[in-house]
Amino acid sequence: MTHSQNNGSGDKEMETKTRPTPNSLASVASGRAQKQPGTAPLGSGLEARGVHAWFGSHLALRDISLDFSAGTVTALIGPSGCGKSTFIRTLNRMHEFIPTAAFAGQVLLDNKDIYEASVDVTKIRLQIGMVFQKPNPFPSMTIGENVLSGIKLAQLDVPKSERDDLVQDCLERAGLWNEVKDRLDAHGGSLSGGQQQRLCIARALAVKPKVLLMDEPCSALDPGSTLRIEETINQLSSSMTIIIVTHNMQQAARVSDYTAFFLSDGGPGELIEVGPTSEIFTKPRDQRTENYVSGRFG
Ligand SMILES: Nc1ncnc2c1ncn2[C@@H]1O[C@H](COP(=O)(O)OP(=O)(O)OP(=O)(O)O)[C@@H](O)[C@H]1O
Ligand SMILES: [Mg+2]
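Residues numbered from 1 in each chain as written. Chains lettered and ligands numbered in written order. Predicted model: local features only at pLDDT ≥ 70, side-chain atom pairs only at ≥ 80, totals over all residues.

1. Side note on the sheet that holds strand 3 (residues 73-77)
Taken together, the six strands give an open sheet; going across it, the order is 6-7-8-3-9-10, and neighbouring strands pair in mixed fashion. Each edge of the open sheet is held by one strand with a lone partner, namely strand 6 (128-131) and strand 10 (270-276). Taken pair by pair, the neighbouring strands of this sheet meet at an average axis angle of 20 degrees, ignoring direction. Here strand 7 (residues 211-215) runs beside strand 8 (residues 241-245); their pairing, made up of five bridges, is parallel. Note that in strand 8 the partner of Leu212 across the bridge is Ile242. Lying on the sheet, helix 8 (residues 193-206) is in contact with strand 6 and strand 7; it crosses strand 6 at an angle near 170 degrees. (Pairing = 2+ DSSP bridges. Helix = DSSP H or I, 4+ residues; strand = E, 2+ residues; numbered from the N terminus. Axes fitted to C-alpha atoms, helices over the stretch in contact; angles between N-to-C directions. Contact = placed C-beta atoms within 7 Å.)

Put into structure tokens, the structure is as follows:
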């Protein structure tokens, strides 16, 4: 994996000035060893079928069908307002938190529809975790308490004797352990932005999700912290399915196996094309994808 170019995705101005040519993106993407679906014994992954989403009478997403194979990373890209956040929120039923929101379609986790009436939504959100754009640790809880907070909220039974090991394991997997191991009793709010985001990842990992949804997780971070999170994503992807929204094409090329391009052309957001990341950046099938990844709009 190549980390030579390192744009912080929050810095849109810088990104525009240094917007890469398709060739450089292509070389970043193809420098990454692509995983083949189905090679990880992690279940069959997540599948969206015919997803539609509304806010009141406004149709925000039309007929999105996308497969996310277990153990792979998929980047969702597209211009602002095309429905990426809306879509990612339908994948763990967060969309329904929004008043007036409506949904149609299916989302299958290991072949079972998470929207079935019999499904316990709380359990679904444990299996399909989410990390947001802005790091949101509990500022007055300690680092250790933050990691365990999801477990406490979900009333999962983890014996006291195992909690220290779990905290360490999650912080290690989130790439934060070495920086905080001597101050687990410090407040979550005392960490830097990048550390807080890794703490949120550790918190999400503690409930052992199968899928991790990340909506622009690096957009508030500096380039160094961004790189650190990307390394974490890379390491985690061997044990889970990851879906990441990003405006940073370089980031999509660096971290993802597959890329899905969304667009709303005055109407609802639609999926224009999806494919292996190296193909999306070298030979996209649709001219609109080509225009977007080469920086002609968006
Ligand atoms: N809570 C909401 N209430 C009403 N409309 C909403 C709400 N959230 C999003 N929308 C609308 O749905 C559409 C898709 O928005 P969404 O936030 O999913 O886009 P996005 O691709 O994530 O954009 P960005 O890249 O700017 O984050 C937009 O037209 C937006 O105005
Ligand atoms: Mg968004």
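2. A few points about the site of ligand 1
In the vicinity of ligand 1, the contacting residues are Phe55, Ala60, Gly78, Ser80, Gly81, Cys82, Gly83, Lys84, Ser85, Thr86, Ile98 and Gly269. The element best represented in the shell around ligand 1 is helix 3 (residues 84-90), accounting for three residues. Here the residues of the shell around ligand 1 sort into four nonpolar, seven polar and one charged. (Near = placed C-beta within 6 Å. Nonpolar A, V, L, I, M, F, W, Y, C, P; charged D, E, K, R; others polar.)

3. Quick word on helix 9 (residues 223-236)
Taking 1.5 Å of rise per residue, 14 residues should cover 20 Å, and helix 9 covers 20 Å from first to last C-alpha, within 8% of that figure. Of the positions making up helix 9, those classed as buried are Ser225, Thr226, Arg228, Ile229, Glu230, Thr232, Ile233 and Leu236. In this structure, the buried side of helix 9 is in contact with strand 3, helix 6 (160-173), helix 8, strand 7, strand 8 and helix 10 (249-255). (Expected span 1.5 Å × (residues − 1). Buried ≥ 20, exposed ≤ 12 C-beta atoms within 10 Å, placed from the backbone.)

4. With respect to the packing of helix 5 (residues 143-153) against helix 8
Where helix 5 contacts helix 8, the two axes come as close as 7 Å, and the packing angle between them is 40 degrees. Crossing handedness for the pair helix 5 and helix 8: right-handed. On helix 8, the residues touching Ile143, Asn146, Val147, Leu148, Ser149, Gly150 and Ile151 of helix 5 are Leu199, Ala202, Arg203 and Ala206. (Left-handed = near helix turned anticlockwise from the far one by under 90°.)

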